[in-house]
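Architecture at a glance
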Amino acid sequence: EPEVTQTPSHQVTQMGQEVILRCVPISNHLYFYWYRQILGQKVEFLVSFYNNEISEKSEIFDDQFSVERPDGSNFTLKIRSTKLEDSAMYFCASSLLYEQYFGPGTRLTVT
Amino acid sequence: AQTVTQSQPEMSVQEAETVTLSCTYDTSESDYYLFWYKQPPSRQMILVIRQEAYKQQNATENRFSVNFQKAAKSFSLKISDSQLGDAAMYFCAYRIGYGGATNKLIFGTGTLLAVQP
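This section reports on the structure supplied with the text. On a predicted model such as this, the values are computed, not experimentally measured, just so you know. (Residues numbered from 1 in each chain as written. Chains lettered and ligands numbered in written order. Predicted model: local features only at pLDDT ≥ 70, side-chain atom pairs only at ≥ 80, totals over all residues. Heavy atoms only, no water.)

**Some remarks on the packing of aromatic side chains**
The final tally for this structure, using the stated rule, is 22 aromatic pairs over all chains. On the basis of an interplanar angle of 40 degrees and a centroid distance of 5.3 Å, the ring pair of tyrosine 35 of chain A and phenylalanine 102 of chain A is categorised as tilted. One end of the pair, tyrosine 35 of chain A, is in strand E4 (residues 31-37); the other, phenylalanine 102 of chain A, is in strand E10 (residues 100-102), with 67 residues separating them in the sequence. Where tyrosine 32 of chain B meets tyrosine 94 of chain B, the ring centres are 5.4 Å apart and the plane angle is 35 degrees; that geometry is what we call tilted. With tyrosine 32 of chain B in strand E5 (residues 32-39) and tyrosine 94 of chain B in strand E10 (residues 88-96), this residue pair connects regions lying 62 residues apart in the sequence. By relative accessible area, which is 2% here, tyrosine 32 of chain B ends up buried. Looking at tyrosine 94 of chain B, the relative accessible area reads 1%, which means it is buried. Grouping aromatic residues by their ring pairs yields a cluster made of Tyr33, Tyr35, Phe45, Phe91, Tyr98 and Phe102 of chain A together with Tyr33, Phe35, Tyr37, Phe91 and Phe107 of chain B. (Phe/Tyr/Trp six-rings, centres within 6.5 Å; stacked < 30°, edge-to-face > 60°. Helix = DSSP H or I, 4+ residues; strand = E, 2+ residues; numbered from the N terminus. Buried < 20%, exposed > 50% of the residue type's maximum accessible area, 1.4 Å probe, protein only.)

Laid out in structure tokens, this is it:
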């Protein structure tokens, strides 16, 4: 069964460094999303992406964040200058219609 | 703004018994979708079941079923014949139905389900 994959599973970085989180959505899906979950809290929407552009973004998704679909398979989230409060689990999701399928997540730890 | 509320932070059930997790939501929309996601300790988000607001019939997936009360804005999840593998955090989620498939999911705060052997 096709699934969303994410790499790396765990990323440790120092405050102020840039990180790129990678996702491979399900191959025939058209809509892509990033969510984050701070430990012990609920899952929060960051951004949605369709037809090579951002469809919607939350207030969390400020100028430090960017997304890209550099080729036909990858979907990336870049955080330009990480802060301690960016430490969280980041989930990529994709959908063809209304059901969103999530990847296993990348645990980002900012020290 | 749409909100999703899960009022039970933790629940416990005996193996083979039935448990119901509660979810309420607030929206002024008439066209929307509701979901239950399961998050085991691995923290993977797994789609359990989906309900379209325009459907009166409650969704069912094997041992999982929902009680969708549109007027009351209530969407509870019933797990029958609970198994040890059902132990997880369960999140209720909402999304607007119109506007294509780009709309975000809005999640509740989750209910941690423990299954006792």
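**Comments concerning a nonpolar patch on the surface**
All names here are of chain A. On the surface, a cluster of nonpolar side chains totalling about 350 Å² of accessible area is made up of Leu30, Tyr50, Leu96 and Leu97. With respect to the helices, strands and loops of the structure, leucine 97 is situated in the loop between strand E9 (88-95) and E10. Residue class for leucine 97 comes out exposed when judged on its relative accessible area of 56%. (Patch = residues over 30% accessible without salt bridge, like charges linked within 9 Å, V, L, I, M, F, W, Y side chains within 5 Å. Areas by Shrake-Rupley, 256 points an atom, 1.4 Å probe, with all protein chains shown as cover. Salt bridge = Lys/Arg side-chain N within 4 Å of Asp/Glu carboxyl O.)

**Considerations on the pairing of strand E6 (residues 53-57) of chain A**
Looking down a regular strand, the side chains alternate between one sheet face and the other. Residues and elements named next belong to chain A. Taken together, the four bridges between strand E5 (residues 44-50) and E6 define a ladder with antiparallel strand orientation. When the bridges of E6 are listed, phenylalanine 49 appears paired with isoleucine 54. Linking E5 to E6, which pair antiparallel, is a turn of two residues; within it asparagine 51 sits at a positive phi near 55 degrees. (Pairing = 2+ DSSP bridges.)

**Concerning the pattern of salt bridges**
This model, assessed by the stated rule, comprises seven salt bridges over all chains. Of the charged contacts in the structure, one is a salt bridge between lysine 73 of chain B and aspartate 26 of chain B, with a shortest N-O distance of 3.7 Å. Within this pair, whereas lysine 73 of chain B is found in the loop between strand E8 (64-69) and strand E9 (74-79), its partner aspartate 26 of chain B is found in strand E4 (residues 24-26), the two being separated by 47 residues in sequence. Owing to a relative accessible area of 40%, aspartate 26 of chain B belongs among the partly exposed residues under this scheme. Notably, a salt bridge pairs lysine 55 of chain B with glutamate 52 of chain B, separated by 3.8 Å at the nearest N-O pair. On the basis of relative accessible area, glutamate 52 of chain B is assigned to the buried category, the value being 6%. Taken together, the shared-partner salt bridges in this structure form one network comprising Glu99 of chain A together with Arg50, Glu52 and Lys55 of chain B.

Read these as geometric descriptors, not functional statements.
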